[in-house]
Amino acid sequence: MSYKNFPMVPRVVFGRGSFNQLSEIIAPKRLNVNAPFIFLVDDVFKGDSWLTSRIPLSYEDKVIYISSKEEPKTEQVDSLVEEIILTSSQGASGIIGIGGGTLLDLAKAVAIMLNNEGEAKDYQGWDLVKNPAVYHVGIPTISGTGAEVSRTTVLTGPKMKLGINSDFTPFDQVVLDPELTKGVSTNQWFYTGMDCFIHCIESLNGSYLNTFSQTYGDMAFQLCKEIFLEDHLSASDAQDKLMMASWHGGMSIAYSQVGVAHAMSYGLSYLLGTKHGIGNCIVFDHLEEFYPEGVKLFKEMKTKYSIELPKGICANLDDSEFDVMINISLSLEPLWENALGKNWKKIITRDKLKELYQKM
Ligand code: NAD
Ligand code: ZN
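Definitions and cut-offs
Along every chain, residues carry numbers that run from 1 in the direction the sequence is written. Chain A is the first chain written and ligand 1 is the first ligand written, with later ones labelled in order. Where local features are concerned, this predicted model is filtered to residues with pLDDT of at least 70; where side-chain atom pairs are given and counted, the filter is 80 or more; whole-chain, interface and lining totals use all residues. Values shown for side chains rest on all heavy atoms present in the structure; no hydrogens or waters enter the calculation. Being paired, for any two strands, means DSSP has found at least two bridges between them. For the purposes of this entry, the term helix denotes a DSSP run of H or I that reaches at least four residues, the term strand denotes a run of E that reaches at least two, and both are numbered from the N terminus. For Na, K and Ca the donor cut-off is 3.2 Å, while for other metals it is 2.8 Å, and in both cases only N, O and S atoms qualify; water is not among them, so sites may look incomplete. Tetrahedral means four donors with every angle between 85 and 135 degrees, whereas square planar (four donors) and octahedral (six donors) require angles over 155 degrees between opposite donors and between 65 and 115 for all others; sites fitting neither are termed irregular. Using a 1.4 Å probe on the protein chains alone, a residue whose accessible area is under 20% of its type maximum counts as buried, one over 50% counts as exposed, and one in between counts as partly exposed. We call a residue near a given molecule or strand whenever any one of its heavy atoms falls within 4 Å of it. Polar contacts, as used here, are pairs of N or O atoms within 3.5 Å; protein pairs need one atom able to donate a hydrogen and one able to accept it. Residues neighboring in sequence count only if both atoms are side-chain atoms. Per-residue and other accessible areas were derived by the Shrake-Rupley procedure at a 1.4 Å probe size, with only the shown protein chains allowed to occlude residues. Note that Gly is not counted as nonpolar here; it falls among the polar residues with everything else outside the nonpolar set of Ala, Val, Leu, Ile, Met, Phe, Trp, Tyr, Cys and Pro and the charged set of Asp, Glu, Lys and Arg. Lines fitted to C-alpha atoms define the axes here, with helix axes fitted over just the stretch in contact, and angles between the N-to-C directions of these axes take values from 0 to 180 degrees. Handedness of a crossing follows from how the near helix is turned relative to the far one, being left-handed for an anticlockwise turn of less than a right angle and right-handed for a clockwise one. Note on contacts: a residue pair qualifies if any of its non-hydrogen atoms lie within 4.5 Å across the two residues.

A. Inspection of the sheet that holds strand 7 (residues 154-156) at higher detail. Across the sheet, 3 strands lie side by side as 5-8-7; this open sheet has mixed pairing. Strand pairing shows two members of the sheet lacking a second neighbour, strand 5 (125-126) and strand 7, which therefore form its edges. Relative to strand 8 (residues 161-165), strand 5 runs parallel, the two sharing 2 bridges. For Gly125, the partnering residue across the bridge sits in strand 8 and is Ile164.

So this is what it looks like as structure tokens:
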């Protein structure tokens, strides 16, 4: 038996207003005055001076606003890398991602690809990255995905949606400032927050569970119940706690795996472009037989916040489209093995998956 030896984020600052310290945090990492810091920022913040006026720009540092309407694509990473190489002859001192999972994943992928030859799609998979990434910093502005702690950056490529999983992927620095999440809409807060809740359920009920994952998972699970089912938290306490729940949820799956909801929502995402948070919710709503307790709690949370999930998103699909989703989903073998054990192929057939998708 050989155990995984995995890297963690080596530096993290936590606190409301900690974003103000960004300048002093990154300054020592500047390589030279001609090597800029590149800030990849969710374009929801364009024109929002409360946040953007505090992005510390000096010398040739640059802000690139990016839409998170669609999840990151390998081609998008390649073109960002090309743009940065063309405009920064001395290379970049660092890449700083400011936003949700989409921007965090883009920052990680761009930082990797600046120091590795070829195209991003060549590195989708496990441990294919050869050279360490450029210094990269993650600053979440919405909580739940765990992308701020994870060892992966999830990209949609020409053939598949798959992460670049490597020891060079995790951020060198994370800034956790829960105040940055204050503008998130209730629906989006719920969808991305449920990603964290679902990480806990899938990790805690999986066959890969171990004490490392369980302790982080239990912590995140308790926090989620407090945030989404109880009424005693102030808005700022709820923001603080969800940011830490996301962190712990991410740590929990680092040493285990996700499960059925993720395996199926990757299929939806690949074919229909359904985004991660809402896609997980759409799937999880129908998974009573796999996660009875978790789905019961999920439905209570949904009712409490009057969340209406889209219905009938698979209603007009033909067989070949179902096949695409089923193929993507079944290719995620570790997720199924974690969820259902070594004999998962006997439990989750193509027909069974189709029947589940048809309900969505
Ligand atoms: P997101 O980054 O796509 O953002 C969702 C929406 O929230 C966007 O419209 C965005 O503009 C908005 N938003 C973000 N911060 C805001 C703020 N402070 N105020 C107002 N609006 C704000 O959503 P997400 O759910 O955080 O991330 C999903 C992505 O994360 C997917 O691409 C998924 O694949 C990825 N992901 C990665 C990992 C990982 O470990 N790397 C894990 C889970 C999910
Ligand atoms: Zn997730």
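B. Just the coordination of the zinc ion (ligand 2), in detail. Asp195 (OD), His199 (NE2), His262 (NE2) and His276 (NE2) make up the full set of protein donors to the zinc ion (ligand 2), lying at 2.1 to 2.2 Å. Here the zinc ion (ligand 2) binds 4 donor atoms, and the angle range of 88 to 170° at the metal identifies the geometry as irregular. Mapped onto the polypeptide sequence, the residues donating to the zinc ion (ligand 2) form the spacing pattern D-x3-H-x62-H-x13-H. With His199 in helix 5 (residues 186-204) and His276 in helix 9 (residues 276-284), this residue pair connects regions lying 77 residues apart in the sequence. For the pair His199 and His276, a shared accessibility class is recorded, and that class is buried.

C. The site of ligand 1, seen in detail. Residues in contact with ligand 1 amount to 26 residues; listed here are only the nearest, Thr102, Thr141, Ser150, Thr192 and Lys275. Between ligand 1 and Asp105, the relevant distance is 2.8 Å, taken from a nitrogen atom to a side-chain nitrogen or oxygen of the residue. Computed on the free molecule, ligand 1 has an accessible area of 870 Å², of which 89% lies beneath the protein chains in the complex. Contributing elements (two or more residues each) for the shell around ligand 1: helix 4 (101-114) and helix 5. For the shell around ligand 1, the leading source of residues is helix 4, giving 4 residues. Its residues assigned to classes, the shell around ligand 1 comprises 8 nonpolar, 12 polar and 6 charged.

D. A look at the packing of helix 5 against helix 6 (residues 211-229). Relative orientation of the contacting elements helix 5 and helix 6 amounts to 140°, with a least axis distance of 9 Å. In this structure, the crossing between helix 5 and helix 6 has a hand that is left-handed. Only Ser213, Gln214, Gly217, Asp218, Ala220, Phe221, Cys224, Ile227 and Phe228 of helix 6 make contact with helix 5, whose side of the interface consists of Trp189, Phe190, Gly193, Met194, Cys196, Phe197, Cys200, Ile201, Ser203 and Leu204. Here the residues of the contact of helix 5 with helix 6 sort into 13 nonpolar, 5 polar and 1 charged.

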